[in-house]
Amino acid sequence: MARLAIRMPKMSMTMTEGEMGPWLVDEGAHIESGDVVCEVMTDKVDMEVESTVSGVLVEIVAREGMVAVGEPIAWVEGEDDGGGFGDLLTGAPEPVSTPEPESNLAPADAQTDSMAPTPGEATARTLITPAVPRARALAAEHNLSLDSVTGSGPDGRVLMGDVESRLAPTLPPVDAPSATAAKPDRRAAIRKIVARTLEPAALIPQFTVWRELHLDQANTTRGRRSWTGVILRAYSAALKEVPELLTRWTEDGPVPCGPPAIALAVATDRGLLVPVFVEPDATDPDTFDAELRAVVAAAQRGKVGPDYLGIANASLSNMGGLGVDRFQALITPPQASILALGSITERPVAVPGGVGLALTVHAGLTVDHRAGDGVHAAQLLESLKKALDPSTNPLT
Amino acid sequence: MTQRTITYAEAVREAIGQAMEADDRVFMLGEDIGVYGGAFGVSGDLYHRFGPERIRDTPISELGIVGAAVGAALAGMRPIVEIQFSDFTNQAMDQIVNQAAKIHFMLGGAANVPMVLRAPLGSGTGAAAQHSQSLEAWFAHVPGLKVVMPATAEDAKGLLLAAIDDPNPVIVLEHKLLYRTSGPVSEEAFRTPLGVSAVRREGADLTIVATGVMVSRALEAAETLTQQGIDVSVIDPRTLTPLDMNPILDDVSRTGRALLVQEAPGHVGFTAELAARIAESPTLYRLLAPIRRVSGLDIPIPYAPQLERSAVPQVEGIVHAAEQLMKESF
Amino acid sequence: MTDSPFASAESAKHALRTMWKTRRFEEAVDDLFARGLMHGTMHLSIGQEASATGACMALRDDDAITSTHRGHGHCIGKGADLVRMMAELLAKETGYCRGRGGSMHIADVDTGNLGANGIVAGGIPIAAGAALAFQLRGEDRVVACFFGDGATNEGAFHEAANLAAIWKLPVIFICENNKYGMSFSTEKAFAIEHIAQRAAGYGFPGVTVDGNAVGEVYDAVAEAVARARSGEGPTLVEAVTYRWKGHSKSDKNLYRSKDEIAQWRSKDPIGRFEHDVEQRGLLTADEIAQVRSEALEAVRSAVLEANSAPDADPADLLDAVFAKA
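Residues numbered from 1 in each chain as written. Chains lettered and ligands numbered in written order. Predicted model: local features only at pLDDT ≥ 70, side-chain atom pairs only at ≥ 80, totals over all residues.

## Here we look at the interface of chain B and chain C
Consideration 1: Listed per partner, the contact involves 36 residues of chain B and 34 residues of chain C.
Consideration 2: Mapped onto the side of chain B that touches chain C, the elements with two or more residues apiece are α3 (62-74) and α4 (93-106) of chain B.
Consideration 3: Across the side of chain B that touches chain C, the residue classes break down as 18 nonpolar, 15 polar and 3 charged. (Contact = placed C-beta atoms within 7 Å. Helix = DSSP H or I, 4+ residues; strand = E, 2+ residues; numbered from the N terminus. Nonpolar A, V, L, I, M, F, W, Y, C, P; charged D, E, K, R; others polar.)

## Quick look at the interface of chain C and chain A
Consideration 1: Counting residues at the interface gives 28 residues for chain C and 24 residues for chain A.
Consideration 2: Listed by contribution, the elements that provide at least two residues to the side of chain C that touches chain A are α1 (9-34) and α12 (285-307) of chain C.
Consideration 3: Of all the elements, α1 of chain C adds the most residues to the side of chain C that touches chain A, at 6 residues.
Consideration 4: The class makeup of the residues in the side of chain C that touches chain A is 15 nonpolar, 6 polar and 7 charged.

## Quick word on the sheet that holds strand β4 (residues 36-41) of chain A
Residue and element names in this part refer to chain A.
Consideration 1: Ordered in space as β5-β4-β2-β7, the 4 strands form an open sheet in which the pairing is antiparallel. Unpaired on one side and paired on the other, β5 (46-50) and β7 (66-68) mark the two borders of the sheet. For this sheet, the mean angle separating the axes of adjacent strands, direction not counted, is 45°.
Consideration 2: Judged from the 3 bridges that link them, strand β2 (residues 17-23) and β4 form a sheet pairing that is antiparallel. Paired with M20 across the bridge in β4 is V40. (Pairing = 2+ DSSP bridges. Axes fitted to C-alpha atoms, helices over the stretch in contact; angles between N-to-C directions.)

## Comments concerning the domain arrangement of chain A
Consideration 1: Examined at the domain level, chain A breaks down into domain 1 (2-83) and domain 2 (173-180 + 205-388).
Consideration 2: With centres defined by C-alpha atoms, the gap from domain 1 of chain A to domain 2 of chain A works out at 92 Å. (Domains from an automatic or database assignment.)

## Topic: the sheet that holds strand β1 (residues 2-7) of chain A
Residues and elements named next belong to chain A.
Consideration 1: Taken in spatial order, the 4 strands make up an open sheet running β1-β8-β6-β3, and their pairing is antiparallel. At either end of the open sheet lies a strand with only one pairing partner, and these are β1 and β3 (30-31).
Consideration 2: Bridge count for strand β6 (residues 55-60) against strand β8 (residues 72-78) is 4 bridges, and the pairing is antiparallel. By the bridge assignment for β8, V56 is matched with E77.

## Thoughts on unusual backbone geometry
Consideration 1: Of the consecutive residues P333 of chain A and P334 of chain A, the connecting peptide bond is found in the cis state with omega at 10°.
Consideration 2: Tracing the backbone through its elements, the reader meets P334 of chain A in the loop between β16 (314-318) and β17 (337-341).
Consideration 3: Cis geometry is found at the peptide bond from T241 of chain B to P242 of chain B, where omega equals -5°.
Consideration 4: Following the sequence through the fold, P242 of chain B ends up in the loop between β12 (239-241) and α8 (246-255).
Consideration 5: One non-glycine residue, R238 of chain B, lies in the positive phi region at around 65°.
Consideration 6: By the secondary structure assignment, R238 of chain B is in the loop between β11 (232-236) and β12.

## Describing the nonpolar core
Consideration 1: Core analysis: the largest hydrophobic core is formed by 213 residues, its most contacted members being A130, V171 and I172 of chain C.
Consideration 2: Take this core: its biggest share by element is 11 residues, from α1 of chain C.
Consideration 3: Counting the residues that make up this core, at least three belong to each of domain 1 (3-186) and domain 2 (198-327) of chain B.
Consideration 4: Ignoring sequence-local partners within four residues, the contact set of A130 of chain C consists of G71, A72, L74 and A75 of chain B together with A64, L114 and V143 of chain C.
Consideration 5: Grouped together as the second largest cluster of nonpolar side chains are 67 residues, L213, A218, L384 and L388 of chain A included. (Core = buried A, V, L, I, M, F, W, Y, C linked by C-beta atoms within 7 Å. Buried ≥ 20, exposed ≤ 12 C-beta atoms within 10 Å, placed from the backbone.)

Laid out in structure tokens, this is it:
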């Protein structure tokens, strides 16, 4: 004789527990295997429970409430005919573990960018510059060639930020209405662009070198030409004398990046546009002045022609018109230098024997220390001074 | 390898004959494949060469004969079962989908079903709705089935010989309109590996991917487009499962424009899978314009010739779609 | 084993042991499932042991079978390993199908079991095809194709039966008529009295036997096997039997009366055979008891051993779809 369990049976594939219903036999009754002993309410329907053992029903364990599948609901004293196979699996019943199915692995589409397009190659079957579609659209909208944008995504992918910063890399505007004229949501977008562009600057080791430049002589020769044009040309000439600062910093060190290409920020209703002037000192002053005015005017209308969409290697920033004496601009990566000018105004200066007045401007030159050292910065400012002085530079 | 020009149907026949000569385990069963020579003339004189046991005519019992192929394959033979119209695979779906496709997996790898099911598919013969379908996406969607759509006579032979060698069930879908087309085919018993896409034409402006009879229509469209200064690639996947995306992704990465063509109705078709795979890959970032598809209308194939024609892509439709795509950009 | 269950003490023991192993195996499955220890659903053949055992005893080791969703008895009859069967049901890596097939897809290709089938009548054309393969290769092997009464109304049965008839395939169609196709009784499903009558429609012999008499089943199948082996083609053997439990684990038995069930239980095929062999002096009561406990022990140890194996491993699922060349 043995004590045999009648257990809550699993009566459907999904059932995990059943609610006890009425017992149809009572303690003390003789029951045979197959007799219906009670009813159970399952997740689907009411079911009759048959005893799996024969003998005397000695104890009813569960009369009401929920009972988990496999738990005893009653005990029977009877002959053990070997039917208790579940007892063999001792301890907590081995739950049949449902292992995690393998995630749907996409096939390895190996698409390595082994052949980046070389600028200037005319073969039509080269790999297309990868770009996020929105970025591609944005660039096209502004007639910006993707080849002129450095992609910061995987495999050189051009991201939205790359195009946006290419369209608006530097901070304050030049001789133009301030960006606060833009609508609030546009303002937020502009701030985000600026943030995205300049946050990398925080990691670049940079320093600023100051010089107060005397402009009286340059003033007499410029006539009605704008200061912006004069200084752009002088900066360009000075950069040519310090080739260390005509480089772009890469993982492998500084890479020469061609003739001076100076970015000039222009504020527009829709944000900053930054035309880039390549070798302005190669053009005569009058022609360049006219060109500059035309480009700035067009930029203020939201248009920058393809000739001014090159990659800059230096920037000019002018806060003079806003009454600022001097300021220190941040490097716009990947450029090696940026020239920041305060207001051009009469200031007291030392003259032989005393104090006099001169037209000066405080120039702050910020340099990427990876590309150049203090001596290079000093040299650039010295060259800039000479370039602005007609006695040393007849072309000024 | 000596090549000569034969028809697609002759190429299929040659493959079967060479396979049967080389391996006693290979035999074919199907309706009207014996003295009749096959509904599309494919089996031809095979009956006279190999006899009624190995070129075995059957009653009209698609479920029975496909099941028999499953059983014979399980028991060590290499059967080819010809279903007269691919539409009739519906009679046999239990044996194709529930049995053949799943036995290797369900049995934990303990058994294989090395069988080939060949069937003509597609429209253009006026056979109307129940005899003109392109159901390749159904089969491609079932794990455990390999699916090929040879588009040339050479591939019809090479892919079939490879399919017969394959230890898995392979569905070979032959477009009806291709049977009478000709092409260069090597005399030897060569195998064209399954799972390798073919670049039929290389171009710079736009990539067309096409299957079945759409491959030749795409090539025709390519000629017309060349005259308009549009230079297109045409890629033929040939095998739907397992699918070789690499040549397709590489080409689209260079043209920036993908035009996916199928005869079957567009909704939930094979080109939807191609489009998803392109969009899920890094090639997405090299697209210059959205991915576009040219498919059959979502209708049963109509009877009247002009209606039948308008129900599936034609050369001019492919040309037009390519022109439109060239004008599109993000 | 090709001797009749009544031929000798040895064959009697074999028959009894096989039937008890089947009974105990099914009871174990029943119990484990009821306790939530087994996944999915099960189709038990308790009460039908004689038809599976008797038929399989008439086959050679190199003959093949196809089976059904209610196929544990066929598997055991054809010599399957209880541990591997139980491991499959317990979703273990060591199961016949590495846990990928479950109860309805158990196969043991090495012992000629081409597989149970989850589709009613799914295995019938497959059996015809395997028989065709044997015929094409000139082998004298046969295929025993098991199916139920419900399957004979599926198109696949008709197509395969006809193919077997016209090609004289070496296949024995064994219909285990347990009076119900799930809940639909044979009285309602057929306009004929005996399923065996259908064979005439295809042009081959059909015979009805008492499926609960293991000797009768053996005799009918052995005769059909001889026909098939000598190239005379197929036979339909209808074995009338009864299943004690519902169709599956979700079956509430609403379609049949308790009296009917009780009546058939009293005609337990195993009890009947034990009585017969004792009467004929083939086995003593002690020997019978010995066989019973051997069978019980075999199943109990199979449960323990199977359960101790590692669970089915999902690591190579994607690789498991296609066979490598």
